[in-house]
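The residues making up each chain are set out below.
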Amino acid sequence: MKLLLLTLVIAAAPAARSSGVDGVWRLDQPKAWGVTLHTYLVLHQKGATLEGGVYPNGSGEVAIRDPRPEGAGFVFTMAWGWTFHVRPDGANLHVQILYGGDAHDEAAAVPASEAEIRPPVAIAPPALRALPDNGLLRTPPMGWNSWNHFEEKVDDKTVRETADAMVKSGMAAAGYVYVNIDDTWEAGRDASGAIVPNRKFPDMKALADYVHSKGLKLGIYSSPGPVTCGGYEGSYGHEEQDARTYAAWGIDYLKYDWCSAGRIYGIPELRAIYQRMGDALLHCGRPIAFSLCEYGMGDVWTWAPLVSGNLWRTTDDISDNWKSMTNIGFNQDKLAPYAGPGHWNDPDMLEVGNGGMTPAEYRTHFSLWCLLSAPLMAGNDLRTMSDDTREILTNREVIALDQDPLGRQATRLSARDGVEVLTKPLQGGGLAVGLFNRNPAEAEASFTWAEAGRTAPPATLRDLWGHADLSPSGDGFRGRVPAHGVVVLVLR
Ligand code: GLA
């Protein structure tokens, strides 16, 4: 009897915090621009074993990997390549996050409750219907986006200077027009529920006016979820209000990134959720191009035009290296039928000039994107780019392939020994041919006129990087292509 009573008393007492790392923890990460991001850790410790997950920046659970005890705590990693060191720190949890490179954070996480990480109740998605075409982006959009180079280090000054540089460098004259702010511009909402930019962007309307005064357009970023991928305020439950706010500011382009919406909705709801914002943009009183970013889930290319979408990401995020770029660029073949005026496959933004590839590799990257009729969103620092980078980004002969009014995306003609030949039909009967060498050494590449659908040599054969007319003869073209390089030709 006595023993039973004692057991009951212990069971009724609140779970005493063990001296380990077990528990739900909230790490507050205040930013200099007045926003505090929250990362949660849910850790289940049993002696020397640890299980659980991390909820970075308000997103869904990412499982922890390879936990091992270290000192009084643990070390573990998670899918994004982050490494965590955690140890008890009085009532708190000491957390160090290594993001790779030199970047790291170190702070005390405080005890939190499961309720804080629960996603909000799902707002019922709208009934599906086919929205009209918004009439925008008859050719793939050209511009710049802050994410690839600047990530969170983007502000009003950077955007203004980028607009200046876009004009000064000759990029605007070559066709670039959108200056797009990606994630991390948001603060929160005011009493009326309107979205408010954080201190990095003191006056969005004034910024739009400035960008417009240069003959350019301003783009912005949001998410259908409660928070963006970076943990900033999303448009969940405020879609129409946000579209009206963008219109009032003078925004011309919205990139809408799935992110935390994935905690509330699944693949079957994707279309309806994008339709909600597509509809809001159509009725906001200003033409705003609609860029869907959900990494190619749910065969987005089959329904994006029905939500008034102009472009849709087909892949996960690009990185500034040869492997990432080629994995994406050479795997877009099957999507070619879905591209056309007003509706573009988006293999992600350009990395040209960001430093992780050679000039030859960046020429390959740019040529490939142009042949694929991909959006040309420069992702580098336009203010400081080298002549090499500027020459690549402003090669008008190659850009003309991307901007060809027919809007046909290239398909693969052949792939042999690491050499891939892609062809893209052009308005007026011309044909663009890209000969890509994926090998780390120079290689020979060729195609016959017959393979290019001709019975005789073309009247003209233009080399778009050599800026020269070649003399077509014999039964086809044969040439040397540098390691990881490209030869781009136009037959007419
Ligand atoms: C996702 C997108 C990126 C970028 C970041 C911002 O990863 O795919 O292009 O917008 O979010 O947080």
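Residues numbered from 1 in each chain as written. Predicted model: local features only at pLDDT ≥ 70, side-chain atom pairs only at ≥ 80, totals over all residues. Heavy atoms only, no water.

(A) Here's a closer look at the overall build of the protein chain. What the protein chain contains, in helices and strands, is 11 helices and 26 strands. The globule rule puts the C-alpha radius of gyration for 492 residues at 23 Å, and the 26 Å found for the protein chain is close to it. Dimensions of the protein chain along its principal axes, counting C-alpha atoms only, are 100 × 50 × 45 Å. Counting only residues that meet the buried cut, the protein chain has 53% of its 492 residues in that class. Look at the contacts in the protein chain between residues 6 or more apart in sequence, and 64% of them connect residues 24 or more apart. (Helix = DSSP H or I, 4+ residues; strand = E, 2+ residues; numbered from the N terminus. Rg over C-alpha atoms; globule rule 2.2 N^0.38 Å. Buried < 20%, exposed > 50% of the residue type's maximum accessible area, 1.4 Å probe, protein only. Contact = heavy atoms within 4.5 Å.)

(B) Region of the structure containing the sheet that holds strand β1 (residues 23-30). The sheet built from eight strands closes into a barrel, its strands ordered β1-β2-β3-β4-β5-β6-β7-β8 with antiparallel pairing. Looking at each pair of strands side by side, their axes are set apart by 30 degrees on average, direction ignored. As paired elements, β1 and strand β8 (residues 103-111) share two bridges and run antiparallel to each other. Counterpart to Arg-26 in the pairing with β8 is Val-110. (Pairing = 2+ DSSP bridges. Axes fitted to C-alpha atoms, helices over the stretch in contact; angles between N-to-C directions.)

(C) Representation of the state of the cysteines in the model. A complete count under the given rule lists one disulfide for this structure. A sulfur-sulfur distance of 2.0 Å marks the disulfide that ties Cys-229 to Cys-259. For the disulfide bridge between Cys-229 and Cys-259, the dihedral angle about the S-S bond is near -95 degrees, and by the sign convention the bridge is left-handed. Of the two residues, Cys-229 sits in the loop between β13 (217-222) and α6 (239-249) while Cys-259 sits in the loop between β14 (253-257) and α7 (270-282), which places them 30 residues apart along the sequence. Owing to a relative accessible area of 15%, Cys-259 belongs among the buried residues under this scheme. A disulfide-free cysteine, Cys-293 has its sulfur positioned 6.7 Å from the sulfur of Cys-229, the nearest such atom. (Disulfide = S-S within 2.5 Å.)

(D) Broad picture of unusual backbone geometry. Phi angles above zero are rare outside glycine, and Ser-373 is one such case at about 50 degrees. Note on placement: Ser-373 falls in the loop between α9 (359-371) and β18 (376-378).

(E) Representation of the sheet that holds strand β21 (residues 431-437) within the structure. The strand order β19-β20-β21-β26-β23-β24 describes an open sheet built from six strands, whose pairing is antiparallel. Each end of this open sheet is capped by a strand with a single partner; those strands are β19 (411-416) and β24 (468-470). Along the sheet, successive strands turn relative to each other by an average axial angle of 25 degrees, direction set aside. In terms of strand pairing, β19 meets strand β20 (residues 419-425) through five bridges, oriented antiparallel. Across the sheet, residue Arg-416 finds its bridge partner in β20, namely Val-419. Contacts from α9 reach β20, β21 and β26 (486-491), with the element oriented near 145 degrees to β21.

(F) Region of the structure containing the side chain of Ser-373. Ser-373 sits in the buried class, given a relative accessible area of 0%. For Ser-373, the residues in contact, after removing those within four places along its chain, are Pro-140, Trp-344, Asn-345, Asp-402, Gly-407, Arg-408, Gln-409 and Lys-424.

(G) Region of interest: the site of the ligand. Taken together, 13 residues lie near the ligand, and Asp-182, Asp-183, Lys-255, Asp-257 and Asp-317 sit nearest. Between an oxygen atom of the ligand and a side-chain N or O atom of Asp-183, the distance comes to 2.8 Å. One of the side-chain nitrogen or oxygen atoms of Lys-255 is found 2.8 Å away from an oxygen atom of the ligand. Compared with its free state, where it exposes 310 Å², the ligand has 92% of that area covered by protein. (Near = heavy atom within 4 Å. Polar contact = N/O pair within 3.5 Å; in protein donor to acceptor, adjacent residues only side chain to side chain. Areas by Shrake-Rupley, 256 points an atom, 1.4 Å probe, with all protein chains shown as cover.)

(H) Summary view of α7. Here α7 contains 13 residues, and its C-alpha end-to-end distance of 18 Å stays within 8% of the 18 Å for a straight helix at 1.5 Å per residue. Most of α7 sits out of view: 12 of its 13 residues are buried. Elements that come into contact with the buried residues of α7 comprise α6, β14 and β15 (289-293). (Expected span 1.5 Å × (residues − 1).)

(I) Focus on the nonpolar core. Among the nonpolar cores identified, the biggest contains 89 residues, and Tyr-176, Trp-185 and Phe-366 are the most heavily contacted of them. What Phe-366 contacts, discounting residues up to four positions off in sequence, is Tyr-176, Leu-350, Val-352, Leu-376, Ile-392, Leu-393, Val-398, Ile-399 and Trp-465. Among the nonpolar cores identified, the runner-up in size contains 19 residues, and Leu-27, Phe-74, Phe-76 and Met-78 belong to it. (Core = buried A, V, L, I, M, F, W, Y, C linked by side-chain atoms within 4.5 Å.)

(J) Up close: the packing of helix α8 (residues 322-329) against α9. The geometry of α8 relative to α9 is characterised by a closest axis approach of 11 Å and an angle of 20 degrees between their N-to-C directions. On the basis of their axis angle, the class for α8 and α9 is roughly parallel. You can see that α8 and α9 cross each other, and the crossing is left-handed. Side by side, α8 and α9 meet where Trp-322, Met-325, Ile-328 and Gly-329 of the first sit next to Glu-361, Thr-364, His-365, Leu-368 and Trp-369 of the second. Classifying every residue of the contact of α8 with α9 by side-chain character gives five nonpolar, three polar and one charged. (Parallel < 35°, antiparallel > 145°, perpendicular 65-115°, else oblique. Left-handed = near helix turned anticlockwise from the far one by under 90°. Nonpolar A, V, L, I, M, F, W, Y, C, P; charged D, E, K, R; others polar.)

(K) Representation of the confidence of the model for the protein chain. Taken residue by residue, the protein chain gives an average pLDDT of 95. The fraction at 70 or more is 96%. Residue range residues 1-17 is modelled with pLDDT below 50. Its contacts to residues more than four positions away, or to other chains, number five contacts. (pLDDT = per-residue confidence, 0-100.)

(L) Broad picture of the pattern of salt bridges. Going through the model one piece at a time under the given rule, you end up with 26 salt bridges. In this structure, the salt-bridge partner of Lys-157 is Glu-161, at a minimum N-O distance of 3.1 Å. Within this pair, Lys-157 and its partner Glu-161 are both found in helix α3 (residues 156-168), separated by four residues, close to a single helical turn. In this structure, Arg-189 engages Glu-233 in a salt bridge whose closest nitrogen and oxygen atoms are separated by 3.1 Å. Of this pair, Arg-189 sits in strand β11 (residues 186-189) while Glu-233 is found in the loop between β13 and α6, placing the two residues 44 residues apart along the sequence. Classification of Glu-233 as partly exposed rests on a relative accessible area of 26%. When salt bridges with common partners are traced through the structure, they connect Lys-157, Glu-161, Asp-381 and Arg-383 into a single cluster. (Salt bridge = Lys/Arg side-chain N within 4 Å of Asp/Glu carboxyl O.)

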